[in-house]
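Descriptive analysis of the structure
Residue strings, one per chain:
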Amino acid sequence: MIDLDDLSVKNLVKLYDYDLFTLGNLADDIRQNLHKNKVYFNMNRHINPSNICVDICKFCAFSSHRKNPNPYEMTKEEILSDTKSAYERGAREFHIVSAHNPNYLYEWYFDIFRTIKQKFNDIHIKAMTAAEVDFLHRKFNKSYEMILNDMKDSGVDSMPGGGAEIFDKEIREKICKGKVDSDNWLKIHSIWHNMGYKSNATMLFGHIESKEHRISHILRIRELQDKTGGFNAFIPLLYQKQNNFLNVNNFPSGIEILKTIAISRILLPNIPNIKAYWATLGLNLALVAQEFGANDIDGTIEKENIQSAGGANSKKGLSKEELIFQIKDAGFVPVLRDSMYNELTSF
Ligand code: SF4
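In short, a report on the structure. In every chain, residue numbers begin from 1 and rise along the written sequence. For this predicted model, a pLDDT threshold of at least 70 governs which residues receive local features, and a threshold of 80 or more governs which side-chain atom pairs are given and counted, while totals over whole chains, interfaces and linings are taken from all residues. Hydrogens and waters are ignored; side-chain quantities use all the structure's heavy atoms.

Things to note about the nonpolar core
- Core analysis: the largest hydrophobic core is formed by 108 residues, its most contacted members being Phe113, Met151, Trp185, Ile221 and Ile297.
- Examining the composition of this core, we find that seven residues originate from one element, helix H10 (residues 254-267), more than from any other. Note on terminology: a nonpolar core comprises buried Ala, Val, Leu, Ile, Met, Phe, Trp, Tyr and Cys residues joined through side-chain atoms within 4.5 Å. The buried label applies to any residue whose accessible area, calculated with a 1.4 Å probe on protein chains only, is under 20% of its type's maximum; exposed applies above 50%, and partly exposed to all values in between. Each helix is a run of H or I in the DSSP string that is no shorter than four residues. Each strand is a run of E no shorter than two, and both are numbered from the N terminus.

Looking at the site of the ligand
- Nearness is defined per residue: one heavy atom within 4 Å of the molecule or strand is enough. Near the ligand, the surroundings consist of Cys53, Asp55, Cys57, Phe59, Cys60, Phe62, Ser63, Ala99, His100 and Lys179.
- Its residues placed into classes, the shell around the ligand shows six nonpolar, two polar and two charged. In the scheme used here, Gly and all other residues not listed as nonpolar or charged are polar, with Ala, Val, Leu, Ile, Met, Phe, Trp, Tyr, Cys and Pro taken as nonpolar and Asp, Glu, Lys and Arg as charged.

Description of the pairing of strand E4 (residues 124-127)
- The alternating pattern of E4 places His124 and Lys126 on one face and Ile125 and Ala127 on the opposite face, and all of these are buried.
- Strands pair, by our definition, only if DSSP identifies at least two bridges between them. In this sheet, E4 lies alongside strand E3 (residues 93-96) in parallel orientation, the contact comprising four bridges. Residue pairing across strands places His95 opposite Lys126, the latter belonging to E4.
- At this point the chain moves from E3, through helix H4 (residues 106-119), to the parallel E4, and the crossover so formed is right-handed. Crossovers are marked right-handed if the path from the first strand over the helix to the second runs clockwise, as seen with the strands pointing away from the viewer.

Looking at the environment of Ile306
- Topologically, Ile306 is positioned in helix H13 (residues 306-309).
- For Ile306, a relative accessible area of 32% translates into the label partly exposed.
- Through-space distance from the C-alpha of Ile306 to that of Ser63 is 8.6 Å; in sequence the pair is 243 residues apart.
- Residues contacting Ile306, with those up to four places away along its chain left out, are Asn48, Phe62 and Val97. Should any heavy atoms of two residues lie within 4.5 Å, those residues are considered in contact.

Comments concerning the pattern of salt bridges
- In what follows, salt bridge is the name for a side-chain nitrogen of Lys or Arg lying within 4 Å of a carboxyl oxygen of Asp or Glu. Taken as a whole and judged by the stated rule, the model has 19 salt bridges.
- Where Lys126 meets Glu93, a salt bridge forms, and the shortest distance between an N and an O atom there is 3.4 Å. Within this pair, whereas Lys126 is found in strand E4, its partner Glu93 is found in strand E3, the two being separated by 33 residues in sequence. Across the pair, exposure class does not vary: Lys126 and Glu93 are buried alike.
- Salt-bridge contacts for Lys227 lead to Glu223; the nearest nitrogen and oxygen are separated by 4.0 Å. Taken as a pair, Lys227 and Glu223 lie in helix H9 (residues 211-228) at a separation of four residues, close to a single helical turn.
- Accessibility expressed as a relative area gives 64% for Lys227, which makes it exposed.
- Among the ionic contacts, a cluster of salt bridges with common partners joins Arg45, Asp82, Arg89 and Glu302.

Looking at the pairing of strand E2 (residues 44-47)
- Side chains Asn44 and His46 of E2 all project onto a buried face; the interleaved residues Arg45 and Ile47 project onto the opposite face, where all are buried too.
- Where E2 lies against E3, four bridges are found, and the strand directions are parallel. For His46, the partnering residue across the bridge sits in E3 and is His95.

Section: the side chain of His35
- Following the sequence through the fold, His35 ends up in helix H2 (residues 20-35).
- For this analysis, a polar contact is any N or O atom pair within 3.5 Å, provided that within protein one partner can donate a hydrogen and the other can accept it, and provided that sequence-adjacent residues contribute only side-chain to side-chain pairs. Here Pro272 takes part through its backbone oxygen, which lies 2.7 Å from a polar atom of the side chain of His35.
- If we ignore the near neighbours within four places in the chain, the residues touching His35 are Tyr40, Pro272, Asn273 and Asn295.

That's the geometry; what it means functionally is another story.
Structure, rendered in structure tokens:
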């Protein structure tokens with residue numbers, strides 16, 4: 001095995017040369033030490049208030065300014081109604097991320113969070129990617145600190161990990177030119193962590209990036225985590241290939257996807273959870289990934305607009321019962337968690 005203390009990209013990219021089972025065993029040892037045979041999931045609801053966006057990310061199938069012909073803006077009443085019905089079905093985490101809609105006023109965001117939190121005070125709001133924070137910063141000339149404080153004061157409990165894509169500057173120029181750059185993505189999370197709050201980190205892989213870009217991305221997340229300890233989970237997001245302008249023809253094999261998840265587990269000993277997000281991987285591969293370093297599968301979601309626009313089979317979410325059945329059937333112990341990974345019920 002290569003020297004894992006040599007944190008150069010040149011050295012660590014050699015991990016991809018190991019066979020899947022060597023990597024899987026190594027990742028599974030770390031996972032078993034941390035989480036034994038548990039697979040975490042939660043009762044969550046995704047809400048995407050609008051798909052109208054000023055940005056032009058080439059990989060995006062969600063924005064109405066790309067290949068999606070159906071622009072929408074949810075009203076506050078619609079958002080509240082969706083929140084209420086999901087709450088009544090047991091959802092306690094509300095994952096609220098939007099396209100960068102130029103029609104929204106600054107207060108629109110905070111008013112929504114505040115209103116939801118006042119009505120349902122025992123929920124967790126996970127909202128505003130660093131890309132959205134950067135969008136507000138540019139549009140309304142507010143500092144990151146000011147925006148993050150307004151998020152905190154209006155009831156946001158944690159930040160999702162979206163908008164990280166791939167940190168490499170040249171690849172970012174090609175796939176998401178104009179959106180938050182990598183230094184600022186990391187800076188926004190760093191400020192949030194230093195305010196005492198948690199977030200997640202993602203990596204979009206399987207498009208035009210190289211294995212070296214993935215390793216470098218993971219190492220930058222590791223570096224920030226060493227400083228702040230604020231990331232709850234790392235989520236390698238598989239690129240969805242339909243309805244976008246990126247024109248990718250070579251997709252990673254299942255083996256390469258599993259290797260990427262295993263390598264994430266091996267290279268991020270300082271992040272407690274690796275999520276195999278079923279909405280991008282599909283449920284079957286997400287379950288297999290639990291044997292290759294992942295320990296979380298995400299949740300019920302209920303309604304999913306972003307990955308499903310790109311071809312993922314996730315539009316309607318999954319029921320709690322289905323998740324429990326499938327996790328058990330794969331030989332693991334399903335554990336319902338809250339948004340901070342506190343265990344609620346083991347099945
Ligand atoms: S990925 Fe987000 S920021 Fe980029 S075009 Fe799509 S909705 Fe807009």
